[in-house]
Amino acid sequence: MSKLSIVTKGFIKENPVLVLVLGTCPTLAVTTSVENGIGMGLATTFVLVLSNMFISLLRKITPNEVRIPIFIVVIATFVSIVDLLIQGFVPALAESLGLFIPLIVVNCIVLGRAEAFASKNGVFDSMLDGLGMGIGFTIALVIIGTVREILGSGAILGYEIPFMKGNEILIFVLAPGAFFVFGYVMALVRFLQKK
Amino acid sequence: MAAKESSLLKLVLTLTLVSLFAAAALASVYVITKEPIAQSSQKKKSNAIQAIIQSYNPETGHIQSETVNIEGEEEPVTVHIAYQDETVLGIAVETFTNKAFGGRFDIMVGFDVENDVVTGTEVLSHGETPGLGDKIDKKKSDFPTQFNGKNLAEMNLKVKKEGGEVDAITAATISSKAFCDALERGQKAYLLIKEKLNLNPEQAASEPNKNEEAAL
């Protein structure tokens, strides 16, 4: 597999949310607006690249039987460190991303990639995989967030859309709306892939 | 990954080592970031005080902080009194709730001592869901501004669904109710500190020279 395809496979072909159906919980929760989607996506990408790197570095000394606990310890430690560093040194970023960081620990994309890719591949390839998967996650969140924000809040990136404002469909901001949009986007991606 | 069976000793040893290393890394980062985090939270608090007590000027005025114990509660509430010379400009109560969706959040509520009304609220820290409960922050929605200019003692601090006066955040009733809980705690602390300072509306509203007498 070429280096480029390791990155790009995460965008559509093996998109973590729309094709692998990982990390649906944060997807449903934070996609009420595009801004939240971007925030969550970027924070996750950052963690994915570095957690894949650590898991890959440790793969030779990780015994098969206890790999999952080791992955979880590494990921949770890493996320907590990132959280503390951001709070301490970049408080402005903590204000906008702070909420998403604890959610990343429970995002199964991170554990999923550790298990499926980083534990079997080299350090550089694993980081590329993390980058691609992170971008794919961000793409999915932005697509779902865009639909939900336009239909549910009548706005895009916080800017009101004249016709939609006042005609919002509230259900799209709520959990059921998240499932509707998620389902349709997933179906669309499957349809395009089959063609 | 090697397919061969590993011995129990090796498993225990690896897991222990990884955990020890993780704990050490976490502890050292905690020590390094403790001071900057405390500083930035302090800065956030002073910014919040300034935002909700607008007449307060940090260069000429000063803040006096006190803790108030509310009856029947374990944790004391910190109260910041903003002064310009001897005049009380306003009182900022650092209140909290434990009934939030994300466990706990901390907000700062400003009170106008003349009219006993809320002058503003600022969220200090919270763990509510992005896009839903995080609307307790006035940057995200108008929810918190509905309390501005209201006297909380005269307000039915319940969401409309439960017969109160508060417009809850759509799909975040728990966060909305928690916000009311924090406001209620803030109001209690405010009344206690007001009693302690022996401030009554007439005094605070009177001319500066009269205020000096009161201060003596």
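If you're wondering where the values come from, they're calculated on a predicted model, not measured in any experiment.

**Let's talk about the overall build of chain B**
Secondary structure summary: chain B contains four helices and five strands in total. Taken from the N to the C terminus, the helices and strands of chain B come in the order α-β-β-β-β-β-α-α-α. Burial analysis of chain B (216 residues in total) assigns 44% to the buried set. When contacts within chain B are restricted to residue pairs at least 6 apart in sequence, long-range pairs at least 24 apart make up 48% of them.

**Some points on the overall build of chain A**
For chain A, the count of helices and strands is nine helices and two strands. Seen in sequence order, chain A has helices and strands lined up from the N terminus as α-α-α-α-α-α-α-α-β-β-α. On the principal axes, the C-alpha backbone points of chain A span a range of 60 × 50 × 30 Å. Taking all 195 residues of chain A together, the buried fraction comes to 48%. Within chain A, residue pairs in contact and separated by at least 24 positions form 74% of the contacts whose partners lie at least 6 positions apart. Carbon and sulfur atoms provide 74% of the accessible area of chain A, an area that totals close to 8900 Å². Measuring between centres, the 13 positive side-chain charges of chain A sit 14 Å from its 11 negative side-chain charges.

**Considerations on the sheet that holds strand E4 (residues 103–112) of chain B**
All names here are of chain B. Strand order in the open sheet formed by five strands is E1-E2-E3-E4-E5, and the pairing between neighbours is antiparallel. Among the strands making up the open sheet, the edge pair consists of strand E1 (62–68) and strand E5 (117–125). Across the sheet, the axes of successive neighbouring strands diverge by a mean angle of 25°, strand direction being ignored. By the bridge criterion, eight bridges tie strand E3 (residues 87–100) to E4 in an arrangement that is antiparallel. When the bridges of E4 are listed, Ile91 appears paired with Phe111. This element, helix H1 (residues 8–52), spans E1, strand E2 (77–84), E3, E4 and E5 of the sheet and lies at about 160° to E5. Against the sheet, helix H2 (residues 173–197) engages E1, E2, E3, E4 and E5, with an angle of about 140° to E3.

**Points about H1 of chain B**
The axis of H1 of chain B is deflected most strongly, by about 40°, at Thr33 of chain B, and proline Pro36 of chain B appears within four residues downstream. For H1 of chain B, every residue scored as buried is listed here: Leu11, Thr14, Val18, Ala22, Val29, Thr33, Pro36, Ile37, Lys45, Ala48, Ile49 and Ile52 of chain B. In this fold, the buried residues of H1 of chain B make contact with helix H4 (67–89) of chain A together with E1, E2, E3, E4 and E5 of chain B.

**Focus on the nonpolar core**
Generally speaking, a soluble globular protein has its nonpolar side chains buried in company with each other. Among the nonpolar cores identified, the biggest contains 41 residues, and Val17, Leu18, Met40 and Ile104 of chain A are the most heavily contacted of them. A total of eight residues in this core trace back to one element, the largest contributor, which is H4 of chain A. The contact partners of Met40 of chain A, leaving out residues within four places of it in the chain, are Pro26, Val30, Phe100, Leu103, Ile104, Asn107, Phe137 and Leu141 of chain A. Counting 36 residues, the second largest nonpolar core, distinct from the first, contains Val77, Leu152, Met155 and Cys180 of chain B.

**As for the pairing of E5 of chain B**
Residues and elements named next belong to chain B. Most of E5 sits inside the fold, with seven of its nine residues counted as buried. Bridge count for E4 against E5 is seven bridges, and the pairing is antiparallel. Considered in E5, the bridge of Gly110 is made with Gly120.

**Regarding a nonpolar patch on the surface**
Together, Leu85, Phe89, Val90 and Leu93 of chain A together with Ile32 of chain B line one region of the surface with nonpolar side chains, adding up to about 430 Å² of accessible area. Assessed through its relative accessible area of 51%, Ile32 of chain B is described here as exposed.

**Re the packing of H4 of chain A against helix H7 (residues 108–118) of chain A**
All names here are of chain A. One way to put it is that H4 packs onto H7 with a least axis distance of 10 Å and a crossing angle of 130°. On the basis of their axis angle, the class for H4 and H7 is oblique. In this structure, H4 meets H7 at a crossing whose hand is right-handed. For the pair formed by H4 and H7, the contact residues are Arg67, Ile68, Phe71, Ile72 and Ile75 on the first element and Val110, Leu111, Ala114 and Glu115 on the second. Among the residues forming the contact of H4 with H7, the class breakdown is seven nonpolar, no polar and two charged.

**Section: the packing of aromatic side chains**
As enumerated under the stated definition, the model contains six aromatic pairs over all chains in all. On the numbers, 5.7 Å between centres and 50° between planes, the contact of Phe54 of chain A with Phe78 of chain A is tilted. Taken together, the residues Phe54 of chain A in helix H3 (residues 34–58) and Phe78 of chain A in helix H4 connect sequence positions 24 residues apart. Judged by its relative accessible area of 32%, Phe54 of chain A falls in the partly exposed class. For the ring pair Phe105 of chain B and Phe179 of chain B, a centre distance of 6.3 Å and an interplane angle of 40° mean the geometry is tilted.

**Focus on the interface of chain B and chain A**
Facing 33 residues of chain B, the contacting portion of chain A comprises 32 residues. Of the roughly 2600 Å² buried at the junction of chain B and chain A (both faces included), carbon and sulfur atoms supply 75%. Joining chain B to chain A, the criterion identifies zero residue pairs in polar contact (both at pLDDT 80 or more).

**Points about the pairing of E4 of chain B**
All names here are of chain B. Of all ten residues making up E4, eight are buried, and the element is well covered by its neighbours. The antiparallel pairing of E3 with E4 creates a hairpin that spans two residues between the two strands. The hairpin formed by E4 and E5 contains four residues between the paired strands, and Asp116 there has a positive phi angle of roughly 60°.

**Examining the packing of H4 of chain A against H1 of chain B**
Helix packing for two helices is described by the angle between their axes and how far apart those axes are. With their axes 8 Å apart at the nearest point, H4 of chain A and H1 of chain B run at an angle of 10° to one another. Here H1 of chain B runs roughly parallel to H4 of chain A, going by the angle between their axes. Each residue belonging to the contact of H4 of chain A with H1 of chain B can be placed in one class, and the counts come to 18 nonpolar, eight polar and no charged.

**Topic: the environment of Ala94 of chain A**
All names here are of chain A. Tracing the sequence through the fold places Ala94 in helix H5 (residues 91–97). Taking C-alpha positions, Ala94 is 34 Å from Phe163, a pair spaced 69 residues apart along the chain. The residues contacting Ala94, other than those within four sequence positions of it, are Ile86 and Gln87.

Conventions adopted
- Residues numbered from 1 in each chain as written.
- Chains lettered and ligands numbered in written order.
- Predicted model: local features only at pLDDT ≥ 70, side-chain atom pairs only at ≥ 80, totals over all residues.
- Heavy atoms only, no water.
- Helix = DSSP H or I, 4+ residues; strand = E, 2+ residues; numbered from the N terminus.
- Buried < 20%, exposed > 50% of the residue type's maximum accessible area, 1.4 Å probe, protein only.
- Contact = heavy atoms within 4.5 Å.
- Areas by Shrake-Rupley, 256 points an atom, 1.4 Å probe, with all protein chains shown as cover.
- Lys, Arg positive; Asp, Glu negative; His and termini not counted.
- Charge placed at Lys NZ, Arg CZ, Asp CG, Glu CD.
- Pairing = 2+ DSSP bridges.
- Axes fitted to C-alpha atoms, helices over the stretch in contact; angles between N-to-C directions.
- Bend = angle between axes of the 7 residues up to and from the residue.
- Core = buried A, V, L, I, M, F, W, Y, C linked by side-chain atoms within 4.5 Å.
- Patch = residues over 30% accessible without salt bridge, like charges linked within 9 Å, V, L, I, M, F, W, Y side chains within 5 Å.
- Salt bridge = Lys/Arg side-chain N within 4 Å of Asp/Glu carboxyl O.
- Parallel < 35°, antiparallel > 145°, perpendicular 65-115°, else oblique.
- Left-handed = near helix turned anticlockwise from the far one by under 90°.
- Nonpolar A, V, L, I, M, F, W, Y, C, P; charged D, E, K, R; others polar.
- Phe/Tyr/Trp six-rings, centres within 6.5 Å; stacked < 30°, edge-to-face > 60°.
- Buried area = accessible area lost by both parts, 1.4 Å probe.
- Polar contact = N/O pair within 3.5 Å; in protein donor to acceptor, adjacent residues only side chain to side chain.

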